[in-house]
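Residues per chain, in single letters:
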Amino acid sequence: LTYDDITQSNPEGRGKVKWAIRIMDGLKREKFRIFFQKVVPLTAPAGADKGRPLVRIETLVRLWDSQKSRVIFPDEFIPSAERYNLIGEIDRWMVASVLQYFSAHVDLLDAVDKISINLSAVSIRDPQLVNFITKILQETGVPPNKVSFEITETEAIINMGSAKQFIDELHRVGVSFALDDFGSGFCSFNYLRELPFDALKIDGVFIKDIDKNTTHLELVKSIIDVGKQLDKVIVAEFVENQAIAEILISLGVGWGQGYFFHKPAPIEELQQGVALLLAS
Ligand code: C2E
Ligand code: CA
Ligand code: CA
Ligand code: CA
């Protein structure tokens, strides 16, 4: 894709393609960065390797703004990336870069239970993505059972059939899938029924005040009930304080993620060693 391809296909004029251009520039000049956040077991059973602390991580993309020397958060550029068909490139960059990072740091790969990577519902429409992911898994040697893809429930999942095929094909390879931001949309239960997700991630908006908001607490309880009925791994994000963590433990939620446990940080911080990953 070039600047001209994008501006020509955009009838609204050049002003609105600012982000598309910054994204293309970011891809060309390697300005994307990997951040990570720990996901900790709340009630999840210990791993096969007993006695070892269990930890998962979610990877999160950032765009480096060299002019202002700051990172740009994905909420700022992902909507434009989805609109201008650049999200597929970003997601591929993340898959390749994250798996390459862990294949170069085998001690970290050994220590971590699972690595989550976010995929846009727009990206998974690409019929070549399964082959791309399979190839990167082979090249890097990262065990597929250490990899989970998070897909946000959104109306962008326009074709349930092809989404299901995408998940089925990668399930055969051994990776798992989580339905992200569960409960935020209109069709949450429909996605859960139609698509073979392994885990559901309750939308953080409902979690971050369950210690104060009884409506959200009741909602979260019913989501957990459904998740358990359907045998899904349950993850809660936006765990911001101890009271929330304790409620989630009492409700039997498997995994928790949020500022209370760990704030997202550049992946390079892990170079300090496995101890950092396992510290609580
Ligand atoms: P998400 O997948 O739901 O990720 C969780 C977001 O919540 C992250 O924001 C994380 O930094 C933030 N967060 C974590 N703990 C807390 C907490 O305790 N409280 C609050 N208020 N927020 C917390 P981030 O990194 O800005 O990402 C925003 C969204 O952008 C993600 O939401 C995800 O949908 C998307 N995204 C991130 N990386 C990628 C990617 O590589 N590809 C795609 N397609 N989307 C991505
Ligand atoms: Ca996510
Ligand atoms: Ca989420
Ligand atoms: Ca989100």
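Everything that follows concerns the structure shown earlier in this document.
Scoring rules and cut-offs
- Residues numbered from 1 in each chain as written.
- Chains lettered and ligands numbered in written order.
- Predicted model: local features only at pLDDT ≥ 70, side-chain atom pairs only at ≥ 80, totals over all residues.
- Heavy atoms only, no water.
- Helix = DSSP H or I, 4+ residues; strand = E, 2+ residues; numbered from the N terminus.
- Rg over C-alpha atoms; globule rule 2.2 N^0.38 Å.
- Buried < 20%, exposed > 50% of the residue type's maximum accessible area, 1.4 Å probe, protein only.
- Contact = heavy atoms within 4.5 Å.
- Areas by Shrake-Rupley, 256 points an atom, 1.4 Å probe, with all protein chains shown as cover.
- Donors = N, O, S within 2.8 Å, 3.2 Å for Na, K, Ca; no water.
- Near = heavy atom within 4 Å.
- Polar contact = N/O pair within 3.5 Å; in protein donor to acceptor, adjacent residues only side chain to side chain.
- Salt bridge = Lys/Arg side-chain N within 4 Å of Asp/Glu carboxyl O.

Q: Got a sec to walk through the overall build of the protein? Specific residues and values, please.
A: Helices and strands together make up the secondary structure of the protein, namely twelve helices and ten strands. Taking 19 Å as the expected radius of gyration for a compact globule of 280 residues, we find that the protein reaches 19 Å, a close match to that expectation. When its C-alpha atoms are laid out on the principal axes, the protein stretches across 55 × 40 × 40 Å. The proportion of buried residues among the 280 residues of the protein is 49%. Considering only contacts in the protein between residues 6 or more positions apart, those separated by 24 or more positions represent 69%. Element-wise, carbon and sulfur atoms account for 51% of the exposed surface of the protein, whose accessible area totals about 13,600 Å².

Q: Got a sec to walk through the coordination of the calcium ion (ligand 3)? Specific residues and values, please.
A: Six octahedral donors at a metal ideally form angles of 90 or 180 degrees, and four tetrahedral donors ideally form angles of 109.5 degrees. Around the calcium ion (ligand 3), the protein supplies Asp-180 (OD), Asp-181 (OD), Glu-237 (OE) and Glu-237 (OE) as donor atoms, at distances of 2.2 to 2.5 Å. We note that the donor set of the calcium ion (ligand 3) lies within a single chain, spaced as D-D-x55-E. Between the calcium ion (ligand 3) and the calcium ion (ligand 2) the interatomic distance amounts to 4.2 Å, and Asp-180 serves as a bridging ligand to the pair. For Asp-181, a relative accessible area of 22% corresponds to the partly exposed category.

Q: Explain the site of ligand 1 residue by residue, including any values.
A: Taken together, 25 residues surround ligand 1, and among them Gln-37, Arg-62, Asp-91, Glu-240 and Tyr-259 come closest. Between ligand 1 and Asp-180, the relevant distance is 3.0 Å, taken from an oxygen atom to a side-chain nitrogen or oxygen of the residue. Within the side chain of Glu-237, a nitrogen or oxygen atom sits 3.3 Å from an oxygen atom of ligand 1. Only β2 (56-65), α3 (74-83), α4 (87-104), β4 (114-119) and β6 (176-182) provide two or more residues apiece to the shell around ligand 1. For the shell around ligand 1, the element with the most residues is β2, which contributes four residues.

Q: Can you explain the pattern of salt bridges? Please cite residues and give values.
A: One pass over the structure, following the stated rule, counts 13 salt bridges. The salt bridge involving Asp-25 is made with Arg-29; its shortest N-O contact spans 2.4 Å. Judged by its relative accessible area of 21%, Asp-25 is partly exposed. Residue class for Arg-29 comes out exposed when judged on its relative accessible area of 52%. With a shortest N-O distance of 3.6 Å, Glu-139 and Lys-135 are connected by a salt bridge.

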